Amino acid sequence: MCFIISILGLILAFNFYHAGEFLLAAGSLLVSLFFIYLMIKNILFVKKLKEKKDDN
C-alpha cells in the first residue's frame, strides 16, 4: 500500500511541477518520500523478524 501511495505522490508531484505549482509539488514529494521511508522501515523490520525466527 505504501508503494502505491508513494508512486501516486510522485506522479502528482511531477504534474504539479509542470503546472507551475511548486508548493503543491513539494508537498506531494514530501508525502511520497515519507511513505517510501515507512515502506523501507517495514521491510527492514520484517527481515529482522524472519532472521530472529530462523535462529530459534
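Residues numbered from 1 in each chain as written. Predicted model: local features only at pLDDT ≥ 70, side-chain atom pairs only at ≥ 80, totals over all residues. Heavy atoms only, no water.

Asker: What is the right way to read the overall build of the protein from this model?
Answerer: Each helix and strand in the protein was counted, giving two helices and zero strands. For the protein, whose C-alpha radius of gyration is 16 Å, the value lies well above the compact-globule estimate of 10 Å for 56 residues. Projecting the C-alpha coordinates of the protein onto the three principal axes gives extents of approximately 55 × 15 × 10 Å. Taken over 56 residues, the protein has a buried fraction of 11%. Accessible surface for the protein amounts to roughly 4,900 Å². Of this, 73% is attributable to carbon and sulfur atoms. Averaging the coordinates of the 6 positive side-chain charges in the protein and doing the same for the 4 negative ones gives two points 6 Å apart. (Helix = DSSP H or I, 4+ residues; strand = E, 2+ residues; numbered from the N terminus. Rg over C-alpha atoms; globule rule 2.2 N^0.38 Å. Buried < 20%, exposed > 50% of the residue type's maximum accessible area, 1.4 Å probe, protein only. Areas by Shrake-Rupley, 256 points an atom, 1.4 Å probe, with all protein chains shown as cover. Lys, Arg positive; Asp, Glu negative; His and termini not counted. Charge placed at Lys NZ, Arg CZ, Asp CG, Glu CD.)

Asker: Can you help me understand the packing of helix H1 (residues 2–19) against helix H2 (residues 22–55) in this one?
Answerer: Each pair of packed helices gets described by two things: the angle between the helix axes and the distance between those axes. Between H1 and H2, the shortest axis-to-axis distance is 8 Å and the interhelical angle comes to 160°. The angle between the axes of H1 and H2 places the two elements in the roughly antiparallel class. Between H1 and H2 the crossing geometry is left-handed. Residues Cys2, Phe3, Ile5, Ser6, Gly9, Leu10, Leu12, Ala13, Phe16 and Tyr17 of H1 form the contact with H2, whose participating residues are Phe22, Leu24, Ala25, Ser28, Leu29, Ser32, Phe35, Ile36, Leu38 and Met39. Residue classes in the contact of H1 with H2 are distributed as 16 nonpolar, four polar and no charged. (Axes fitted to C-alpha atoms, helices over the stretch in contact; angles between N-to-C directions. Parallel < 35°, antiparallel > 145°, perpendicular 65-115°, else oblique. Left-handed = near helix turned anticlockwise from the far one by under 90°. Contact = heavy atoms within 4.5 Å. Nonpolar A, V, L, I, M, F, W, Y, C, P; charged D, E, K, R; others polar.)

Asker: Before we go on, may I ask you to explain H2 in this structure?
Answerer: Counted at 1.5 Å a residue, the expected span for H2 with its 34 residues is 50 Å, and the 49 Å between its end C-alpha atoms agrees. Along H2, the positions that sit buried rather than exposed are Ala25, Ser28 and Ser32. (Expected span 1.5 Å × (residues − 1).)

Asker: What exactly am I supposed to notice about the side chain of Ser6 here?
Answerer: Locating Ser6 in the fold gives a position in helix H1. Separated by 2.7 Å, the side chain of Ser6 and the backbone oxygen of Phe3 make a polar contact. Those residues in contact with Ser6 that lie beyond four places of it in its chain are Ser32, Phe35 and Ile36. (Polar contact = N/O pair within 3.5 Å; in protein donor to acceptor, adjacent residues only side chain to side chain.)

Asker: Is there a simple way to think about a nonpolar patch on the surface in this case?
Answerer: On the surface, Met1, Phe3, Ile4, Ile7, Leu8, Leu10, Ile11, Leu29, Leu30 and Leu33 cluster together to form a nonpolar patch covering roughly 990 Å² of accessible area. Of all the secondary-structure elements, those providing two or more residues to the nonpolar patch are H1 and H2. Here the nonpolar patch gets six residues from one element, more than from any other, and that element is H1. (Patch = residues over 30% accessible without salt bridge, like charges linked within 9 Å, V, L, I, M, F, W, Y side chains within 5 Å. Salt bridge = Lys/Arg side-chain N within 4 Å of Asp/Glu carboxyl O.)

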